[in-house]
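Read off the chains here:
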Amino acid sequence: MVKIYIDPGHGGTDPGAVGNGLQEKNVNLDLALRLRNILLNDYRGVEVKMSRTTDVTKTLSQRTNEANAWGADYFVSIHINAFNGTARGYEDFIHDSLTPSSRTSQMRNVMHEEIIKVNNMINRGKKSANFHVLRETRMPAILTENGFIDNAQDAALIRDPNWLQTVAKGHADGIARIFDLTPVSQVFRVFVDGVQVGAFQNSQNTLNAVEQALPTAQRIIVERT
Ligand SMILES: [Zn+2]
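Residues numbered from 1 in each chain as written. Predicted model: local features only at pLDDT ≥ 70, side-chain atom pairs only at ≥ 80, totals over all residues. Heavy atoms only, no water.

The domain architecture assigned to the chain consists of domain 1 (2-182) and domain 2 (188-224). A separation of 38 Å is found between the C-alpha centroids of domain 1 and domain 2. (Domains from an automatic or database assignment.)

Spelled out as structure tokens, the structure:
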């Protein structure tokens, strides 16, 4: 089992960055929950722990202690930036003591590539800093800054649920590549009384087929293999 610790930054009494009617803590949580769901629904052999799943206050030490005690394989901290309203774009951080050949740095290269591929933002590059969550974690750690909440153009993306889903998918694609996670089949096969009546990639179509069979069927099996 690969253990991924997802850390939606801030929360509770700490809103993080604010701007354009948005609070960073809420966006971070939304993005992080989407990432968790993609990892758990679409891949095998992955476990997820989150620093928070609701709007609660939690210190940085609580977060890193928890990830260390759990023995996480990767610490992924999710944030949204702010500056002066004019800065825009995506950037990510690893600890500033790490060399380019370090595993954490190579993992970051993969994350960066997968996120930039889909996020439709200016690429501000790969950065390093002495942040608590990067320094105090005993496993590789990355902190992603997904646009600037106080910039109108970035905020237009940040408030779009489709963009959040896409960026969560970018994070998941990076994690899946790094740990070589096996995807779960997205095909649902519906068997009615032993006969396959359909194979669907869409869960609504699957449910429709089940509903149609329900009045007369003795036995309905939905298989996702
Ligand atoms: Zn933040």
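Still more to cover.
Relative to each other, helix 3 (residues 103-119) and helix 6 (residues 161-179) sit at 145°, their axes nearing to 8 Å. The crossing of helix 3 and helix 6 is right-handed. For the pair formed by helix 3 and helix 6, the contact residues are Arg 103, Met 107, Val 110, Met 111, Glu 113, Glu 114, Ile 115, Val 118 and Asn 119 on the first element and Trp 163, Thr 166, Val 167, Gly 170, His 171, Asp 173, Gly 174, Ile 175, Arg 177, Ile 178 and Phe 179 on the second. In the contact of helix 3 with helix 6, the residues fall into ten nonpolar, five polar and five charged. (Axes fitted to C-alpha atoms, helices over the stretch in contact; angles between N-to-C directions. Helix = DSSP H or I, 4+ residues; strand = E, 2+ residues; numbered from the N terminus. Left-handed = near helix turned anticlockwise from the far one by under 90°. Contact = heavy atoms within 4.5 Å. Nonpolar A, V, L, I, M, F, W, Y, C, P; charged D, E, K, R; others polar.)

Most often, soluble globular proteins have nonpolar side chains that are buried together. Ile 4, Leu 39, Tyr 74 and Ile 175 are the most contacted members of the largest nonpolar core, which has 39 residues in total. Those elements that place two or more of their residues in this core are strand 1 (2-8), helix 1 (24-42), strand 5 (46-50), strand 6 (74-81), helix 3, helix 5 (152-158) and helix 6. Among the elements that line this core, the one with the most residues is helix 6, at nine residues. Ignoring anything within four residues of it in the chain, the contact list for Ile 175 reads Ile 4, Leu 35, Leu 39, Tyr 74, Val 76, Met 111 and Leu 181. (Core = buried A, V, L, I, M, F, W, Y, C linked by side-chain atoms within 4.5 Å. Buried < 20%, exposed > 50% of the residue type's maximum accessible area, 1.4 Å probe, protein only.)

Per the stated rule, a full pass over the model turns up three aromatic pairs. Between Tyr 5 and Phe 75 the ring centres are 5.1 Å apart and the planes differ by 20°, which places this aromatic pair in the stacked class. Placement of the pair is Tyr 5 in strand 1 and Phe 75 in strand 6, with a sequence separation of 70 residues. Judged on exposure class, the residue Tyr 5 and its partner Phe 75 are both buried. Taken together, a centroid distance of 5.0 Å and an interplanar angle of 55° make the contact between Phe 93 and Phe 131 tilted. With a gap of 38 residues between them, Phe 93 in strand 7 (residues 90-95) and Phe 131 in the loop between strand 8 (123-129) and helix 4 (132-135) connect regions that are remote in the sequence. The class for Phe 131 is partly exposed, based on a relative accessible area of 31%. (Phe/Tyr/Trp six-rings, centres within 6.5 Å; stacked < 30°, edge-to-face > 60°.)

Here we come to the sheet that holds strand 5. What the six strands build is an open sheet, ordered 5-1-6-9-7-8; its pairing is mixed. Every other strand in the sheet has two partners, leaving strand 5 and strand 8 as the edge strands with one partner each. Between one strand axis and the next, the sheet turns through 20° on average, direction left out of account. Here strand 6 runs beside strand 9 (residues 141-148); their pairing, made up of six bridges, is parallel. (Pairing = 2+ DSSP bridges.)

Turning our attention to the pairing of strand 9. Note on strand geometry: in a regular strand, side chains alternate between the two faces of the sheet. Most of strand 9 is tucked away: eight of the eight residues are buried. Relative to strand 9, strand 7 runs antiparallel, the two sharing four bridges. By the bridge assignment for strand 9, Asp 92 is matched with Thr 144.

This paragraph deals with the coordination of the zinc ion. Protein ligation of the zinc ion involves His 10 (NE2), Glu 24 (OE) and His 79 (ND1), the donor distances falling in the range 2.1 to 2.2 Å. Written as a sequence motif, the donor residues of the zinc ion are H-x13-E-x54-H. Of the two residues, His 10 is situated in the loop between strand 1 and strand 2 (18-19) and His 79 in strand 6; the sequence distance between them amounts to 69 residues. The class of His 79 is buried, set by a relative accessible area of 11%. (Donors = N, O, S within 2.8 Å, 3.2 Å for Na, K, Ca; no water.)

Within the element layout of this structure, Lys 127 appears in strand 8. The class for Lys 127 is partly exposed, based on a relative accessible area of 28%. Setting aside chain neighbours within four positions, we find Lys 127 in contact with Glu 91, Asp 92, Phe 93, Ile 94 and Arg 108. Engagement of the side chain of Lys 127 in a polar contact is seen with the side chain of Glu 91, the distance being 2.9 Å. (Polar contact = N/O pair within 3.5 Å; in protein donor to acceptor, adjacent residues only side chain to side chain.)

Let us look at the side chain of Asn 119. Tracing the sequence through the fold places Asn 119 in helix 3. Here Asn 119 falls in the buried class, since its relative accessible area comes to 1%. Excluding anything up to four places from it in sequence, Asn 119 contacts Tyr 90, Leu 157, Trp 163 and Val 167.

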